[in-house]
Amino acid sequence: MNTLQKPHVAMVTFPAMGHSIPSLDLAKLLASHSLAVSYITTHTIAQRLRGLMDKSSQAAALDIQLVGLNPSKAIQCLPEGQESMDLLPQKSGPIVLSFIESLRDPFERWVEEQGIRRPVCILSDLFIDWTVQSAERFGTIRVIFAPCGAFGTSVFHAIFGSITTNTVRKEGDSVIVDGILLSAVKFTKEQMPERLLQLDQADPGIRFLMGKMQSMSKCWGMLVNTFDELEPRYLQHLKNLLNGKPLWSVGPLVPLGCIANQRGKAADISEHKLVQWLDSKSPCSVIYVSFGSQAFLSQEQTQALARGLEASHQPFVWSIKVSPDTVSAESNQEELCASYLPEGFMERDNGLVIWGWAPQLVILSHPSVGAFMSHCGWNSTLESILMGVPMVTWPMFGEQHFNSKLVTEELGIGVQFCQHMDGIPCEDRVEICVRCVLSSEEGTDMRKRAVKYQRLAKESVGGGGSSTLNLQAFVNGMHKLMNCNGEDRIGDGYDLSV
Ligand code: UDP
């Protein structure tokens, strides 16, 4: 089938690693099901992904076009070459809002240039809401891709989706979120940061979330990176919110085929050295420590965590990312160790430190790794589940607090030791939690449950599994859309069943 015979889907992705990575996995999956996919991102991210993508998509002959947009100059924006959330200085909230807006004009110009290859569907990241107007303008449909889980999305929607209905109330020391499938969900003060509840429109982060959540139902359907068996109650809640429009859970999204060493960025360690080190450890004895792509710990936080890890006497692989605000690009490893780690830490040889990007899936899938210390970004959470690895959690911001609640209280596959971006870990608590997961009876039970969810996750993406069938239903829908004309394309009642 040549490109013109395939339904063309334009994926408008959000320029952050936690969004662009699963979006790329989804793009490859869709392209492997006879869709032509244009992956729309910023010029900076496109450059970063190009090298990593070309090899694998060429090998699989996938029909994916990587489109790097240059933000419109009319809007206040970011320095050239830094158009990715992980490259921004901390606290750049207001700029981010205009930066996302600045991608709309170049995207619409690109659509105009497509001629007969005009997309049948704009597959928009949940966090990009101007695609509502773009879809209207071009008479095409907008389908949302939610890279976060169903629970996190449900709670965000309850708080920010409608400012007129009162879904959140305080009760003593707790915060109750009402209306999630008719049952109230109870949060502690720590799990529900005060800032989220203030709905202060002067706060750019809050304004951002309100805009996105209020545009959530303005779509034709929604794809979610989770699987039916993991969050059935919250998926049902999202279905109710969509009011009969289709919702397809298609996760966990991982690279097609094999565990890729290079995912998102090139790893800052040789795979050979890493695997050799892991091979030398006993099964399930190592804790992998990483807080995603956007959380940079301060010296004080890093030192406290280092002391707790040492006290646990468990080997660790630790991916440390330092903020571009505080460290110059020229700093060498010795300087980094001296300013971030306790004296003599490296010489005591308790673990392996990766200064920068870790090949996360390679690490999590190694049999020596028995726990994942994580900020509970949704991708990291799903990846841990897919590998059957229980978690030690430190949620930092956004829906990470809700993901940690899901992991520790509902799924029973982890324990939380710290919270908030500016939290300082208590060394004793770090030691207790690491030992709990790696070498206690409670930890063994967590691992059994994690392995159960791993089996369900694998089944969902296997032949006949729920995510496989959902993906196929979406793909079939795109083929039907391509074969019908004009107004029928955007009719609400269009039947997308398999
Ligand atoms: N990741 C990685 N190496 C790292 C840090 C992160 O491969 O050193 C990947 C990780 O596997 C996940 C994504 O980057 O797929 C991070 O997404 P997540 O939602 O967990 O966190 P975020 O970066 O959005 O806070």
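Shown above is the structure to which this text applies.
These lines cover the structure that appears in this document, whether it is placed above or below.

Parameters at a glance
- Residues numbered from 1 in each chain as written.
- Predicted model: local features only at pLDDT ≥ 70, side-chain atom pairs only at ≥ 80, totals over all residues.
- Heavy atoms only, no water.
- Phe/Tyr/Trp six-rings, centres within 6.5 Å; stacked < 30°, edge-to-face > 60°.
- Helix = DSSP H or I, 4+ residues; strand = E, 2+ residues; numbered from the N terminus.
- Buried < 20%, exposed > 50% of the residue type's maximum accessible area, 1.4 Å probe, protein only.
- Lys NZ or Arg CZ within 6 Å of the ring centre and 35° of its normal.
- Near = heavy atom within 4 Å.
- Polar contact = N/O pair within 3.5 Å; in protein donor to acceptor, adjacent residues only side chain to side chain.
- Nonpolar A, V, L, I, M, F, W, Y, C, P; charged D, E, K, R; others polar.
- Pairing = 2+ DSSP bridges.
- Axes fitted to C-alpha atoms, helices over the stretch in contact; angles between N-to-C directions.
- Contact = heavy atoms within 4.5 Å.
- Salt bridge = Lys/Arg side-chain N within 4 Å of Asp/Glu carboxyl O.

**Some remarks on the packing of aromatic side chains**
Item 1. Considering all chains together, one arrives at 18 aromatic pairs under this definition.
Item 2. Aromatic pair Phe107 and Trp110: ring centres 6.0 Å apart, planes at 25 degrees, arrangement stacked. Taken together, the positions of Phe107 and Trp110, both in helix α4 (residues 104-112) and three residues apart, correspond to about one turn of that helix.
Item 3. For Trp110, a relative accessible area of 8% gives the class buried.
Item 4. Centre to centre, the rings of Phe291 and Trp394 are 5.4 Å apart; their planes meet at 70 degrees, and the pair counts as edge-to-face. Within this pair, whereas Phe291 is found in the loop between β11 (286-290) and α11 (299-312), its partner Trp394 is found in the loop between β15 (391-393) and α15 (400-410), the two being separated by 103 residues in sequence. With respect to burial, Phe291 and Trp394 carry one shared label: buried.
Item 5. A cation over a ring is seen here: Lys405 above Phe187, with NZ or CZ 5.0 Å from the ring centre.
Item 6. Positioned above the aromatic ring of Tyr453 is the side chain of Lys452, whose terminal nitrogen or guanidinium carbon lies 4.5 Å from the ring centre.

**Examining the site of the ligand**
Item 1. As a matter of local geometry, the ligand sits amid 16 residues, with Ser293, Ala358, Asn379, Ser380 and Glu383 nearest to it.
Item 2. Contacts to the ligand include Trp378, whose backbone N or O atom sits 3.4 Å from an oxygen atom.
Item 3. If you list the elements that add at least two residues to the shell around the ligand, you get α1 (17-31) and α14 (378-386).
Item 4. Of the residues in the shell around the ligand, the class split is four nonpolar, nine polar and three charged.

**A short note on the pairing of strand β7 (residues 174-180)**
Item 1. In terms of burial, β7 is largely enclosed, as five of its seven residues are buried.
Item 2. Counted between consecutive antiparallel strands, the loop separating strand β6 (residues 168-171) from β7 contains two residues, among which Gly172 sits at a positive phi close to 60 degrees.
Item 3. The pairing of β7 with strand β8 (residues 183-188) spans five bridges and is antiparallel. The partner of Val177 across the bridge, within β8, is Val185.

**Looking at the sheet that holds β11**
Item 1. In space, the six strands of this open sheet follow the order β13-β12-β11-β14-β15-β16, with parallel pairing throughout. Two strands in the sheet have a free side with no partner beyond their single neighbour: β13 (351-355) and β16 (414-416). Between one strand axis and the next, the sheet turns by 15 degrees as a mean value, whatever way the strands run.
Item 2. One ladder, built from five bridges, connects β11 with strand β14 (residues 369-374); its direction is parallel. Directly across from Val286, in β14, lies its bridge partner Val369.
Item 3. Strands β11, β12 (316-320), β13 and β14 of the sheet are contacted by helix α10 (residues 271-279), whose axis makes an angle of about 160 degrees with β13.
Item 4. The sheet contacts of helix α16 (residues 427-439) involve β11, β14, β15 and β16, and relative to β14 the element is tilted by about 145 degrees.

**What about the pattern of salt bridges?**
Item 1. Taken as a whole, this structure holds 15 salt bridges when the rule is applied.
Item 2. Residues Asp129 and Lys212 are paired through a salt bridge, measuring 3.1 Å at the closest nitrogen-oxygen approach. Taken as a pair, Asp129 in the loop between β4 (121-125) and α5 (131-138) and Lys212 in helix α8 (residues 204-214) lie far apart in primary sequence, 83 residues in all. As far as burial versus exposure is concerned, Asp129 and Lys212 are alike and both buried.
Item 3. With a shortest N-O distance of 3.8 Å, Glu410 and Arg233 are connected by a salt bridge. In this pair, Glu410 is assigned in helix α15 and Arg233 in helix α9 (residues 232-242), connecting sequence segments 177 residues apart.
Item 4. Within the structure, one salt-bridge network assembled from shared partners comprises Arg104, Glu108, Glu112 and Arg137.

**Quick word on the side chain of Ser290**
Item 1. The residue Ser290 is located in strand β11 in this model.
Item 2. Within the structure, Ser290 has its side chain in polar contact with the side chain of Tyr288 (distance 3.5 Å).

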